[in-house]
Amino acid sequence: MSKKRIVYIVNRWGHPLQKFFIKYVRESGSAEVTVLQLPAIHSDTKRFKLSAFAITEAGQNVPFELDLWFPFGSLFKITLQYFLNFFITFKLLRRAGIKYFDICIGEVGFNGAIALILKKLGKCKFSIFMNGDIIPNSAIKDKVYYLDGGKRKAGLAKFFDNFLIRFQYWLRRIGYKNDLIWYPNRKVMEWDAQAGYIPRKYFIAPVAVDNVMTEVNLKSRKNNNEICYIGGLYENSGFNIILSSLKAVKEKISNIKLLVVGGDGSSIETYRKLVTSYGISDNVKFFGFLPDEERVFSILSGTMLGLAAYRPSKSNVSLYTDSSKVKMYISAGIPVVITRGGPSVWEDIERFKSGLIVDYDDRDIARKVISALTDKSYYTELQAGVSSFAKEYDYRRLFKEAWSNIETEFNRKFN
């Protein structure tokens, strides 16, 4: 089978699912991949800033930057971004020297629509919608998802936020016209089916880990009483309850240390004030967002536990995702602390005994964290579970099957 040319379109580059899929097809000699990261808006009240880039098949980074004076609100910025994304897609393809390719993968709604458009324009033969999350429920009152980070709760903000949610439903309907739908788990597929989205052809391929990397990191030196958190700093992601549980852990382990990777300047500043009020400022270290993956894993792999205390709420769309946070902890060789009723991966953590299943309760989290940190034999058992989990979710196995599904549908259509 000849090597395919793939264009993979994302909004956030660096997710383990993207990286391990691309790593597999390159290592197996199945395909060459160009990545397009379409813009994310930078927070600035007086300017309109966009950053995008392409990573070519040869690994060259081709940037696109836009910085304009734009003293209008979030709604106008988001609307303008949608229009500009089409233009930027073709600009990046031209700069990357890509005129035609075999397969286009569009990750999440807008990019799934772009994948279909590129196919209709004759730029590629076959298109895939990587459908990795669900759409927020506009019926939940006083909840704003897209505008101003949820700070404004009602009035026009809610009205326009509902408009953007409905637009996401429309984009999803377009995405379902692609040749193949890729789900990370059955939860997303079942949610879509209830909303009336039925795929013609689909496959399921979850976020993977690198089993070899896990085994190396399991043997790395762990710093006693250090635990970690990676990701955005939000209540729904469990960061608030993690901090309140740390207060209780400190009562038994005075030198407990939480290393936090992620967050931007404003969110970190907000939480610095909170940890000061809790009396745990000496026990929390904020690193912010770190683009260097090796640096990230050097931090995570040196800790004892990774925390993923998702808030089990109907408004928490993260419950439907396949948590990259959890898979990063496993790749880092550390057991996971995850809430019962969080993303469905908690069931695998329980099945493989590769972490602590906790209630969304700071005292329960604290009690179980203390138990794992103070009982060496118990911690060794958890590490064995991490090893078993990594073998099950190794990218070489998972994406061999995923690529076989893609090739089968591609050949069925063109051979």
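Presented here is an overview of the structure given in this document. Being a predicted model, the structure only gives us computed values, none of them experimental. (Residues numbered from 1 in each chain as written. Predicted model: local features only at pLDDT ≥ 70, side-chain atom pairs only at ≥ 80, totals over all residues. Heavy atoms only, no water.)

**Details of a positive patch on the surface**
Next, step 1: Among the surface-exposed residues, Lys120, Arg173, Lys177 and Arg200 lie close enough to one another that they form a single positively charged patch.
Next, step 2: Note that Lys120 resides in helix α3 (residues 109-120). (Patch = residues over 30% accessible without salt bridge, like charges linked within 9 Å, V, L, I, M, F, W, Y side chains within 5 Å. Areas by Shrake-Rupley, 256 points an atom, 1.4 Å probe, with all protein chains shown as cover. Salt bridge = Lys/Arg side-chain N within 4 Å of Asp/Glu carboxyl O. Lys, Arg positive; Asp, Glu negative; His and termini not counted. Charge placed at Lys NZ, Arg CZ, Asp CG, Glu CD. Helix = DSSP H or I, 4+ residues; strand = E, 2+ residues; numbered from the N terminus.)

**A look at the state of the cysteines**
Next, step 1: Within this structure, the stated rule accounts for 0 disulfides.
Next, step 2: Summary of cysteine pairing: Cys104 is not part of a disulfide, and the nearest cysteine sulfur, belonging to Cys124, is at 5.1 Å.
Next, step 3: Under the relative-accessibility criterion, Cys124 is labelled buried at 5%. (Disulfide = S-S within 2.5 Å. Buried < 20%, exposed > 50% of the residue type's maximum accessible area, 1.4 Å probe, protein only.)

**Focus on unusual backbone geometry**
Next, step 1: Within the chain, Asn225 stands out as a residue other than glycine whose phi angle is a positive 70°.
Next, step 2: Positionally, Asn225 belongs in the loop between α6 (211-218) and β9 (226-230).
Next, step 3: The backbone of Lys353 sits at a positive phi, close to 55°, despite the residue not being glycine.
Next, step 4: Tracing the chain through its elements places Lys353 in the loop between α11 (345-352) and β14 (355-358).

**Here we look at the pairing of strand β6 (residues 124-130)**
Next, step 1: Counted residue by residue, β6 has 6 buried out of 7 residues, so it is predominantly covered.
Next, step 2: The pairing of strand β5 (residues 101-107) with β6 spans 6 bridges and is parallel. Note that in β6 the partner of Ile103 across the bridge is Phe126.
Next, step 3: Read from β5 through α3 to β6, the crossover connection turns out right-handed.
Next, step 4: Note that β6 and strand β7 (residues 180-183) share 3 bridges and pair parallel. Paired with Ile128 across the bridge in β7 is Leu180. (Pairing = 2+ DSSP bridges. Right-handed = clockwise from strand over helix to strand, strands pointing away.)

**Side note on the side chain of Asn178**
Next, step 1: Here Asn178 lies in the loop between α4 (156-175) and β7.
Next, step 2: Judged by relative accessible area, Asn178 falls into the buried class, the value being 2%.
Next, step 3: At 3.3 Å, the side chain of Asn178 and the backbone nitrogen of Leu116 are in polar contact.
Next, step 4: Apart from the residues within four sequence positions on either side, Asn178 is in contact with Gly112, Ala115, Leu116, Ser127, Ile128, Phe129 and Arg200. (Polar contact = N/O pair within 3.5 Å; in protein donor to acceptor, adjacent residues only side chain to side chain. Contact = heavy atoms within 4.5 Å.)

**A look at the pairing of strand β13 (residues 336-339)**
Residues in a regular strand project their side chains so that they alternate between the two faces of the sheet.
Next, step 1: Side chains Val336 and Ile338 project from β13 onto one buried face, and the interleaved Val337 and Thr339 project onto a second face that is buried too.
Next, step 2: Tracing the backbone out of strand β12 (residues 305-308), into helix α10 (residues 324-331) and back to the parallel element β13 gives a crossover that is right-handed.
Next, step 3: Both β13 and β14 contribute to a ladder of 4 bridges, which runs parallel. Directly across from Thr339, in β14, lies its bridge partner Val358.
Next, step 4: Where the polypeptide runs from β13 across α11 and back to β14, its parallel neighbour, the crossover connection is right-handed.

**Overview of α11**
Next, step 1: Buried residues of α11: Val345, Trp346, Asp348, Ile349 and Phe352, and no others. End-on, the buried residues of α11 take up no more than an arc of 160°, which puts them together on one face.
Next, step 2: Once α11 finishes, Lys353 follows within two positions and takes phi at roughly 55°, a positive value. (Arc of directions from axis to C-beta.)

**Brief notes about the pattern of salt bridges**
Two side chains bearing opposite charge may form a pair once their charged atoms approach each other closely.
Next, step 1: Counted by the stated rule, this structure contains 20 salt bridges.
Next, step 2: Residue Lys3 is joined to Glu32 by a salt bridge in which the shortest nitrogen-to-oxygen separation is 3.4 Å. Here the residue Lys3 occupies a position in the segment before β1 (4-10), and Glu32 occupies one in strand β2 (residues 31-41), the gap between them amounting to 29 residues.
Next, step 3: Residue class for Lys3 comes out partly exposed when judged on its relative accessible area of 44%.
Next, step 4: What makes Glu32 partly exposed here is its relative accessible area of 25%.
Next, step 5: Across the pair Lys119 and Asp179 runs a salt bridge whose closest N-O atoms are separated by 2.9 Å.

**With respect to the nonpolar core**
Next, step 1: Membership of the largest hydrophobic core comes to 98 residues, with the highest contact counts inside it found for Tyr8, Phe21, Trp182, Leu258, Leu305 and Phe399.
Next, step 2: Non-local contacts of Phe21, meaning those with residues more than four positions away in its chain, are made with Ile6, Tyr8, Ile105, Trp182, Phe399, Trp403 and Ile406.
Next, step 3: The next biggest cluster of nonpolar side chains, apart from the first, holds 31 residues, and it includes Ile9, Phe48, Leu93 and Ala96. (Core = buried A, V, L, I, M, F, W, Y, C linked by side-chain atoms within 4.5 Å.)

**What to know about α3**
One turn of the α-helix equals 3.6 residues, which is why residues spaced by three or four share an orientation.
Next, step 1: For α3, built from 12 residues, the straight-helix expectation of 16 Å at 1.5 Å per residue is met to within 8% by its first-to-last C-alpha distance of 17 Å.
Next, step 2: Burial analysis of α3 places 10 of its 12 residues in the buried class, which makes it a mostly covered element.
Next, step 3: The set of residues buried in α3 consists of Gly109, Phe110, Asn111, Gly112, Ala113, Ile114, Ala115, Leu116, Leu118 and Lys119.
Next, step 4: Positive backbone phi, at 80°, marks Gly122, one or two positions downstream of α3. (Expected span 1.5 Å × (residues − 1).)

**Thoughts on the sheet that holds β14**
Next, step 1: Ordered in space as β11-β10-β9-β12-β13-β14, the 6 strands form an open sheet in which the pairing is parallel. Taken across any chain shown, the strands that pair with only one partner, and hence form the sheet edges, are β11 (284-288) and β14. Direction aside, neighbouring strands of the sheet carry axes that sit 20° apart on average. (Axes fitted to C-alpha atoms, helices over the stretch in contact; angles between N-to-C directions.)

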